[in-house]
Amino acid sequence: MKHHAAFGLAMEDIDAVVVEDSKPMQTILRSILLSFKVSRVRVFDSVDEALEASLAEPPNVILTDWRMAPTSGYQFLRLVRHRHMEPLCYVPILFITAHGTRPLVDKALRAGAHHVLVKPVSPSTLFKRLHWLLNDDRPMILEHSGFYNIYGIQKTMDEQAEKMQSLAGARLHHRTAVKKRAEVEDAVEEAFEKPEVPKPIFAGVKKRSVSKDKDIKKKFSAAARHIRTAGFTGLKGFKPH
């Protein structure tokens, strides 16, 4: 196992190769790197030109775009990491791309890239990444596929993918729980806010009362007639003293 080609170097010792098909971006990256006092900066428009120059004089670090034609940055990475490219296969590669999606980052790191930066990149960010790279002591190993890669990178990416999957599952569970809770709260609120229909609690009693009142009235009427009749009869037989 060997360390990458920039490990242990000072910033002033770096020989950098930039592969970028955008002229304005070439100028920006060249200016930023030269402001770091690096030893050398070589800029190329295409992967083919950069590969030919790098094979003749291997750099210490390569900064490349991802989307280029006819050969992409990913294809460039795979070419460089092949075991037949030694000593170029040990050169660390940093991607600088405007399409820094999670799948892209995962694909790049699993294929042997050391880092992925997203455009527009600031001088401070690039300096920190380069400084980190100079102290990155992870060795390069030859895999069964015949390509060199960073030791432990596959395990690291698998662990990160598992964490992301667990996090996604937890978020889904949380959303489901929140939705169910909202449904329960809505049902309870609807139940309490539903207008109550007044029930005729005393309807039966009233009917019975009316019926009883009629019976009582009938009885009282009959009694009254009896009293009146009896009274009148008594009065007829009444003789004053």
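Preceding this section is the structure that the text describes.
Model, not experiment: these values are computed from the prediction.

Asks: How should the sheet that holds strand β2 (residues 40-44) be read in this particular structure?
Replies: Remark on secondary structure: sheet strands pair via backbone hydrogen bonds, oriented parallel or antiparallel. Taken in spatial order, the five strands of this open sheet run β2-β1-β3-β4-β5, and their pairing is parallel. At either end of the open sheet lies a strand with only one pairing partner, and these are β2 and β5 (115-118). Pairwise comparison of adjacent strand axes, ignoring direction, gives a mean angle of 20° for this sheet. In terms of strand pairing, strand β1 (residues 15-19) meets strand β3 (residues 61-64) through four bridges, oriented parallel. From the neighbouring strand, Ala 16 faces β3, where its bridge partner is Val 61. Against the sheet, helix α4 (residues 102-110) touches β4 (93-97) and β5, its axis set at about 150° to β5.

Asks: Is there a simple way to explain helix α3 (residues 73-81) in this structure?
Replies: Residue pairs three or four apart in sequence face the same way in an α-helix, which turns once every 3.6 residues. Those residues of α3 lying buried are Gly 73, Phe 76, Leu 77, Val 80 and Arg 81. Projected down its long axis, α3 shows its buried positions confined to an angular sector of 125°, all on one face.

Calculation rules
Residues numbered from 1 in each chain as written. Predicted model: local features only at pLDDT ≥ 70, side-chain atom pairs only at ≥ 80, totals over all residues. Heavy atoms only, no water. Pairing = 2+ DSSP bridges. Helix = DSSP H or I, 4+ residues; strand = E, 2+ residues; numbered from the N terminus. Axes fitted to C-alpha atoms, helices over the stretch in contact; angles between N-to-C directions. Contact = heavy atoms within 4.5 Å. Buried < 20%, exposed > 50% of the residue type's maximum accessible area, 1.4 Å probe, protein only. Arc of directions from axis to C-beta.

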